[in-house]
There are 2 protein chains.
Amino acid sequence: MEKNALLAERNRGFFRAKKLLVLNVVSSPGSGKTTFIRETAARLGASLRIGVIVGDLATDNDAARLRTAGIPVVQITTGTVCHLDADMISKAAAQLDLDKLDVLVIENVGNLVCPADYDLGEDLRVVLLSVTEGEDKPLKYPPMFHSAHVAVVTKSDLAAAAGFNRDLALVNLHRISHHARVFELSAKTGDGMKSWLEFLAQQRAAV
Amino acid sequence: MEKNALLAERNRGFFRAKKLLVLNVVSSPGSGKTTFIRETAARLGASLRIGVIVGDLATDNDAARLRTAGIPVVQITTGTVCHLDADMISKAAAQLDLDKLDVLVIENVGNLVCPADYDLGEDLRVVLLSVTEGEDKPLKYPPMFHSAHVAVVTKSDLAAAAGFNRDLALVNLHRISHHARVFELSAKTGDGMKSWLEFLAQQRAAV
């Protein structure tokens, strides 16, 4: 763990020198990370060039989905390991042409517990919470939600069907992720994506 | 890990002597474990008496929801630990009046990775997959889905809104959980609950 912290700082320095904004995207399985990343890249188009490192226990389904959309992707297959670590990121990043990128997005293993403890050298940790998961996830997984710089409520198009209590979810989010910027959106319909993309462009400009 | 395997077998022996059917319910965060367990207990009524051990990193929200429904519950708060283990179960079970129960349900921490490695002494491992999580979860989390005796597709009432591809999900489930009994249901509407409850009664009768 201490070794990971050191390697993460080395990554951070390396990415800074490369003028990359680095996001570590974490969530439960099935919160919509891949769709969110794909739609973010598609809407940014040529204005910000995005590359992705995808972590999964098995399969390269997500990498394939992103690659089909024309996004440079490296897949990490972790086997039984429940998180990515800084060393994996360093090795995977070496397989991307970083000089051609503005933003590096790391799609972590779908897991609200283990990835919380592993700094990857990111600038922003982005936690996704889909409206179908229930309003109390921040309270139940405090280390992850507390450590996030950004919280994104996803699948807002399903809010009514799922009986999502938005007010309660935001109260819970602000309680645990009290310093985090919160966005609410549907990557599927595009609703709410604009303010997220503006935020991303600002963050990249500040690197 | 080896110590956990031994303690799990001790639990198994203990529960057998008590004529308890023991379920270990696992899933992503927000797949609907608590609602599924609550509705199972409510529909069984007095025919099978259910007690629950609930694991969460933090909060006793789920325990409170079950207790309100009149179900005997013990909460385990794991802090930062991403799974329950056999020793936690042994201690928690001692707080329930097991002689008054027919079925002991363990609601594990919401996590598709870590709990796969920990035998708790259960008779059946029951993995939940909600229709909003996408069809490829079995492929992406093979240890968990492979180790399950029962796979339950939940939130079927949201299938159309979520654009759930049922055929693909079942193909993926059968590929990884090829020996598992599969149920499709909505605990919210009650649709599909009947065959699950019949299966549970059969399993209990065979203990």
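As the structure is a prediction and not an experimental result, all values here were calculated from the model.

Visitor: Mind laying out the sheet that holds strand β5 (residues 124-130) of chain B, listing which residues take part and the relevant values?
Guide: All names here are of chain B. Pairing is parallel across the open sheet formed by 7 strands, whose spatial order is β3-β2-β4-β1-β5-β6-β7. Of all strands in the sheet, those with a lone pairing partner are β3 (73-77) and β7 (181-184), marking the two edges. Taking each pair of neighbouring strands and ignoring which way they run, the sheet shows an average axis angle of 20°. Examined bridge by bridge, strand β1 (residues 21-26) and strand β4 (residues 103-107) share 5 bridges and lie parallel to one another. By the bridge assignment for β4, L21 is matched with V103. Where helix α3 (residues 61-68) meets the sheet, it contacts β2 (50-56), β3 and β4, and its direction lies at approximately 165° from that of β2.

Visitor: Explain the relation of the copies chain B and chain A residue by residue, including any values.
Guide: Overlaying chain B with chain A gives an RMSD of 0.0 Å, the required rotation being 180° about an axis along which the chain moves by 0.0 Å. Taken together, these values place the two copies in the relation of a two-fold axis. Both copies share a contact surface, since 100% of the interface residues of chain B are interface residues in chain A too.

Visitor: Could you give an account of the pairing of strand β4 (residues 103-107) of chain A, naming the residues involved and the relevant values?
Guide: Each regular strand carries side chains that alternate between the two faces of the sheet. Most of β4(A) is tucked away, with 5 of its 5 residues classed as buried. Residues A:V103, A:V105 and A:E107 point to one face of β4(A) and A:L104 and A:I106 to the other, with burial holding for every one of them.

Visitor: Tell me what's going on with the packing of aromatic side chains, and back it up with residues and numbers.
Guide: Residues and elements named next belong to chain B. Within this structure, the stated rule accounts for 10 aromatic pairs over all chains. Ring centres 5.1 Å apart and planes at 40° place the aromatic pair F36 and W196 in the tilted group. Residue F36 is found in helix α2 (residues 33-44), and its partner W196 is found in helix α9 (residues 193-205); the two are separated by 160 residues along the sequence. Measuring from centroid to centroid gives 5.2 Å for F183 and F199, while their planes differ by 55°, and the two rings are tilted. Remark: F199 occurs in helix α9 and F183 occurs in strand β7; sequence separation between them is 16 residues. The exposure class assigned to F183 is buried, which follows from its relative accessible area of 3%. Assessed through its relative accessible area of 5%, F199 is described here as buried.

Visitor: An account of the pairing of β5(B) is requested, with residue identities and associated values reported.
Guide: Residues and elements named next belong to chain B. Burial runs high along β5: 7 of the 7 residues are buried. The two faces of β5 match: L124, V126, L128 and S130 on one face and R125, V127 and L129 on the other face are all buried. In terms of strand pairing, β1 meets β5 through 4 bridges, oriented parallel. Of the residues in β5, the one forming a bridge with N24 is R125. In this structure, β5 lies alongside strand β6 (residues 150-154), joined through 5 bridges in parallel fashion. Note that in β6 the partner of V127 across the bridge is A151.

Cut-offs applied
- Residues numbered from 1 in each chain as written.
- Chains lettered and ligands numbered in written order.
- Predicted model: local features only at pLDDT ≥ 70, side-chain atom pairs only at ≥ 80, totals over all residues.
- Heavy atoms only, no water.
- Pairing = 2+ DSSP bridges.
- Helix = DSSP H or I, 4+ residues; strand = E, 2+ residues; numbered from the N terminus.
- Axes fitted to C-alpha atoms, helices over the stretch in contact; angles between N-to-C directions.
- Contact = heavy atoms within 4.5 Å.
- Least-squares fit on C-alpha atoms with pLDDT ≥ 70 in both.
- Buried < 20%, exposed > 50% of the residue type's maximum accessible area, 1.4 Å probe, protein only.
- Phe/Tyr/Trp six-rings, centres within 6.5 Å; stacked < 30°, edge-to-face > 60°.

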